[in-house]
Amino acid sequence: MTIRHHLGQYEVTVSEWGQVHSLLPDSATLVTDSNVLEVLPRAIAERNPIVIPAGENSKTWKTAGRLLDTLIERGHTRKNPLVAVGGGMIGDLVGFAAGTLLRGVPFFQVPTSLLAMVDSSVGGKVGVDLPTGKNLAGLFLAPQSVSIPLDALKTLPEAEWRSGMAEVIKYGLIGQADLADELESAPLLNPEDPRTKNIIVRCITHKARVVEEDEFETSGLRATLNFGHTVGHAIEVWGNYSDYRHGEAIAIGMVVEARIGEQIGFTPRGIGDRVAALLASHGLPNEMPKEARFEDLLPLMRRDKKVVGTDLAFSLLNGWGACKLNTNVEASAVALAWHR
Ligand SMILES: NC(=O)c1ccc[n+]([C@@H]2O[C@H](COP(=O)([O-])OP(=O)(O)OC[C@H]3O[C@@H](n4cnc5c(N)ncnc54)[C@H](O)[C@@H]3O)[C@@H](O)[C@H]2O)c1
Ligand SMILES: [Zn+2]
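Predicted, not measured: the structure shown is a model, and the values here were computed from it.

**Some details on unusual backbone geometry**
Its identity as a non-glycine residue notwithstanding, Asn135 has a phi of 55°, on the positive side. Within the element layout of this structure, Asn135 appears in strand 8 (residues 133-140). We classify Asn135 as partly exposed; it has 18 C-beta atoms within 10 Å. Notably, Asn240 is not glycine yet its phi reads approximately 55°, a positive angle. Examined against the element boundaries, Asn240 turns out to sit in the loop between helix 10 (229-238) and helix 11 (246-263).

This is the structure we're talking about:
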């Protein structure tokens, strides 16, 4: 698949570890996390990757600074590419480092989690979290290529598979009713399912089309990929980036945002229940945690990057498989849909 951005054009290939290894330039420095290191094929592990502690708490300004220092100490030059080998945390962090080190070095993505394969590795957004909010520092940076080792999914823990499925389900809900229907009638529960590759390709194709049409989020189209994320990101921050995986937080976010849509008369009635059931059938949470008070999460939602005025901004469903950005949702409507 070729992705065409204004930022640059690159190939996304779905293959296996063996081919991925042969595609990486010898002059590259690999960066991975402490969990992925354990499952790397020997040929890749032998390339002496820089290892970042696993977990969202590493996707910070501070870790990025330390990574830049390590690279400089290792003698990294502008000619040496950086390769992110890991999930979305590594992809976002290493991409951020690649975009800022020496004002930019070539960047390659090797996504190893389902979530990174279908979402974070494609689209050119990289960045880190700030204590004040999620993904608040970052840049648009096209990779040289995205090489997906499909067999990496064999070692992915089940909970991480489920987390990635939240984004897969999101694609269905925002623009591919046939995919949402298919997952509703037969959940995709593990990578051995023969549909896995095809469904991953459908997600990437969807994201590529959206990104090509609205790369810098000006028309509202790209914002549809953010369905579930206004609430989801707030849950992640509220849970100190450790209580909920990204996919788990956005699963809850998708249910709450479907109910917000119903509350303001934008989303047809009944869709919230259907979304909740679809997520539950994939082992995902679908209810706001009891302790998550609306008043505590409201300031976090106000910091969302989609906000333009004084109201809240949400990408909401205007049908099963259809989504649109709303930038004028009043907090009172959100409060009513909060714990249901
Ligand atoms: N840039 C974007 O457009 C974009 C889009 C969506 C999400 N994201 C970001 O992606 C991040 C979430 O990504 P994630 O869910 O991949 O998280 P992650 O990178 O933390 O990976 C999840 C866990 O799975 C482990 N893992 C990954 N691949 C493995 C494998 N093959 N075998 C065994 N273990 C493996 C990791 O070590 C980690 O413990 C969040 O920071 C989110 O904000 C970015
Ligand atoms: Zn996401």
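**Notes on the domain arrangement of the chain**
Accessible area lost when the parts come together is the quantity often used to give the size of an interface. Here the chain is described as being made up of domain 1 (2-155) and domain 2 (158-337). Computed from C-alpha atoms alone, the centre-to-centre distance between domain 1 and domain 2 is 25 Å. Listed as interface residues are 26 residues of domain 1 and, on the opposing side, 28 residues of domain 2. Secondary-structure elements contributing two or more residues to the side of domain 1 that touches domain 2 are strand 1 (2-4), strand 2 (9-15), helix 6 (114-120) and strand 8. Sorting elements by how many residues they give to the side of domain 1 that touches domain 2 places helix 6 first, with five residues.

**Looking at the environment of Pro106**
Its place among the elements puts Pro106 in the loop between helix 5 (88-100) and strand 6 (107-111). Along the sequence, Pro106 and Leu7 sit 99 residues apart, while their C-alpha atoms lie 13 Å from each other. When neighbours within four sequence positions are excluded, Pro106 is seen to be in contact with Pro81 and Gln144.

**Let's talk about the site of ligand 1**
Every one of the 29 residues lining ligand 1 counts as a neighbour, but Asn35, Gly87, Gly88, Met89 and Ser120 are closest to it. Counting only elements with at least two residues in the shell around ligand 1, the list comes to helix 2 (34-39), helix 5, helix 6 and helix 7 (158-175). Tallied by class, residues from the shell around ligand 1 come to 10 nonpolar, 12 polar and seven charged. Each of domain 1 (2-155) and domain 2 (158-337) gives at least three residues to the shell around ligand 1.

**Topic: helix 12 (residues 271-280)**
All of the buried residues in helix 12 are Ile271, Gly272, Val275, Ala276, Leu278 and Leu279. For helix 12, the arc enclosing every buried residue in end-on projection is 165°, short of the 170-degree limit, so these residues lie on one face. Tucked inside the fold, the buried residues of helix 12 contact helix 7, helix 8 (177-185), helix 11 and strand 10 (312-319).

**Let's talk about the packing of helix 10 against helix 11**
Where helix 10 contacts helix 11, the two axes come as close as 7 Å, and the packing angle between them is 135°. Relative to helix 11, helix 10 is oriented oblique. Remark: the crossing between helix 10 and helix 11 carries right-handed chirality. Two secondary-structure elements touch here, helix 10 through His229, Thr230, Val231, Gly232, Ile235 and Glu236 and helix 11 through His246, Ala249, Ile250, Ile252, Gly253, Val256 and Glu257. Considered class by class, the residues forming the contact of helix 10 with helix 11 number six nonpolar, five polar and two charged.

**Points about the packing of helix 7 against helix 9 (residues 196-213)**
Relative to each other, helix 7 and helix 9 sit at 55°, their axes nearing to 10 Å. In terms of axis orientation, helix 7 runs oblique to helix 9. When the axes of helix 7 and helix 9 are compared, the crossing they make is left-handed. Only Ile199, Cys203 and His206 of helix 9 make contact with helix 7, whose side of the interface consists of Val168, Tyr171 and Gly175.

Reading guide: rules and limits
Residues numbered from 1 in each chain as written. Chains lettered and ligands numbered in written order. Predicted model: local features only at pLDDT ≥ 70, side-chain atom pairs only at ≥ 80, totals over all residues. Helix = DSSP H or I, 4+ residues; strand = E, 2+ residues; numbered from the N terminus. Buried ≥ 20, exposed ≤ 12 C-beta atoms within 10 Å, placed from the backbone. Domains from an automatic or database assignment. Contact = placed C-beta atoms within 7 Å. Near = placed C-beta within 6 Å. Nonpolar A, V, L, I, M, F, W, Y, C, P; charged D, E, K, R; others polar. Arc of directions from axis to C-beta. Axes fitted to C-alpha atoms, helices over the stretch in contact; angles between N-to-C directions. Parallel < 35°, antiparallel > 145°, perpendicular 65-115°, else oblique. Left-handed = near helix turned anticlockwise from the far one by under 90°.

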